[in-house]
Amino acid sequence: MLQNIRVVLVNTSHPGNIGGAARAMKNMGLSRLVLVQPLDFPAADASARASGADDVLSNAIVVDSLEQALVGCSMAIGTSARERSIPWPLLDPRECASKTVERAAAGDEIALVFGREHAGLTNDELQRCHFHVHIPSNPDFSSLNLAAAVQVLSYEVRMAWLAAQGEAGGEQKQDVAASRNGELATLDEMELFYDHLEKTLVDIGFLDPEKPRHLMPRLRRLYGRSEVDRTEMSILRGILTETQKVARGEPYKRKG
Ligand code: SAH
């Protein structure tokens, strides 16, 4: 079940931090590391800091964009050294861990996303995540070392996982799975949907590309909260396709 959880590091500058993150993960039972355009990897410093977690490094997947890193995931949680970077559903590390473990146990793929040492995650990257998590550090000195932040969240995931092991045989898992019709839409499917939605809203004149007024981020937040499953996704896509036809002036068939 912990295999359903991936740690994504975006644009890491120091290979030592990648090694440190790998070690922190393995200590806590996590193994899936995804690196988005690391500046320097593979590197001797990474292996040195991993000290024994070389398998996590050698299995690490290197990709070109956050979008690629999230393929197959149905929930992404972005980390931020600041308490509120942009208005978004915010979790503390403990809530983050229990949500992550609950969803991973139901078979969903989850990503925990970490930012650059100097600049964190961009607003665009943060908006790709369903939730944000902030480690409640000293407000006057709030930014942890990247590998230390990975350690704190991985530890919380382990604690939540251990607690779930102790609970009556996987009841939680069934609850989450039973509460929906089928598999959740993945983040890549959601991205295609947001693209389609945006085009449709432009087609019908609801969205002015010159003055977007934060409409798409707001809609992302709305749909991101909704745990859209695959059947619901094809309904939404179908509605958009028909809306576009009407906007183009094509005759439409009344169904039913
Ligand atoms: N100057 C950057 C700091 C980035 S620290 C900024 O202001 O955003 C590098 C990364 O470590 C962050 O992107 C985040 O992934 C993680 N991190 C550091 N401190 C954190 C905290 N208090 N809570 C959550 N994540 C944190």
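Since the structure is predicted, the reported quantities are computational estimates derived from the model, not experimental observations.

With respect to the packing of helix α9 (residues 187-203) against helix α11 (residues 230-247)
Two quantities define a packed helix pair, namely the angle between the axes and the distance from one axis to the other. Remark: α9 packs on α11, axes separated minimally by 10 Å, with the N-to-C direction vectors making an angle of 25°. As summarised for this structure, α9 and α11 are arranged roughly parallel, according to the angle between their axes. Where α9 crosses over α11, the two elements pack in a sense that is left-handed. Touching Glu189, Met190, Leu192, Phe193, His196, Leu197, Lys199, Thr200 and Asp203 of α9 are Arg230, Met233, Leu236, Arg237, Leu240, Thr241, Thr243, Gln244 and Ala247, all from α11. Among the residues forming the contact of α9 with α11, the class breakdown is 8 nonpolar, 5 polar and 5 charged.

Re the site of the ligand
Around the ligand, the structure places 20 residues, and the nearest of them are Thr79, Gly115, His118, Ile135 and Leu144. Gly115 is positioned such that a nitrogen or oxygen atom in its backbone is 3.0 Å from an oxygen atom of the ligand. In this structure, a nitrogen atom belonging to the ligand sits 2.8 Å away from a main-chain N or O atom of Ile135. When the ligand is considered free in solution it has 560 Å² of accessible area, and contact with the protein chains removes 91% of it. When atom positions are compared with the pocket grids, the ligand is found to occupy the largest pocket. Classifying every residue of the shell around the ligand by side-chain character gives 8 nonpolar, 9 polar and 3 charged.

Concerning empty space enclosed by the protein
Taken as a whole and judged by the stated rule, the model has 3 cavities of 30 Å³ or more. Put simply, the largest cavity is a space of about 90 Å³. Forming the boundary of the largest cavity are 13 residues, of which Cys129, His130, Tyr194, Arg220 and Gly224 lie nearest the centre. Counting residues per element, the ones that place at least two in the lining of the largest cavity are α9 and α10 (215-225). Ranked by the residues each element gives to the lining of the largest cavity, the list is headed by α10, at 4 residues. Per-class residue counts for the lining of the largest cavity are 5 nonpolar, 3 polar and 5 charged. The two domains that each donate at least three residues to the lining of the largest cavity are domain 1 (2-178) and domain 2 (187-247).

Definitions and cut-offs
- Residues numbered from 1 in each chain as written.
- Predicted model: local features only at pLDDT ≥ 70, side-chain atom pairs only at ≥ 80, totals over all residues.
- Heavy atoms only, no water.
- Axes fitted to C-alpha atoms, helices over the stretch in contact; angles between N-to-C directions.
- Helix = DSSP H or I, 4+ residues; strand = E, 2+ residues; numbered from the N terminus.
- Parallel < 35°, antiparallel > 145°, perpendicular 65-115°, else oblique.
- Left-handed = near helix turned anticlockwise from the far one by under 90°.
- Contact = heavy atoms within 4.5 Å.
- Nonpolar A, V, L, I, M, F, W, Y, C, P; charged D, E, K, R; others polar.
- Near = heavy atom within 4 Å.
- Polar contact = N/O pair within 3.5 Å; in protein donor to acceptor, adjacent residues only side chain to side chain.
- Areas by Shrake-Rupley, 256 points an atom, 1.4 Å probe, with all protein chains shown as cover.
- 1 Å grid on protein atoms, 1.4 Å probe; cavity = no way out; pocket = protein on both sides within 12 Å on 5 of 7 lines; lining within 4 Å.
- Sits in = over half its atoms within 2 Å of the grid points.
- Points joined across faces, edges and corners; volume = space filled by probe spheres on them.
- Domains from an automatic or database assignment.

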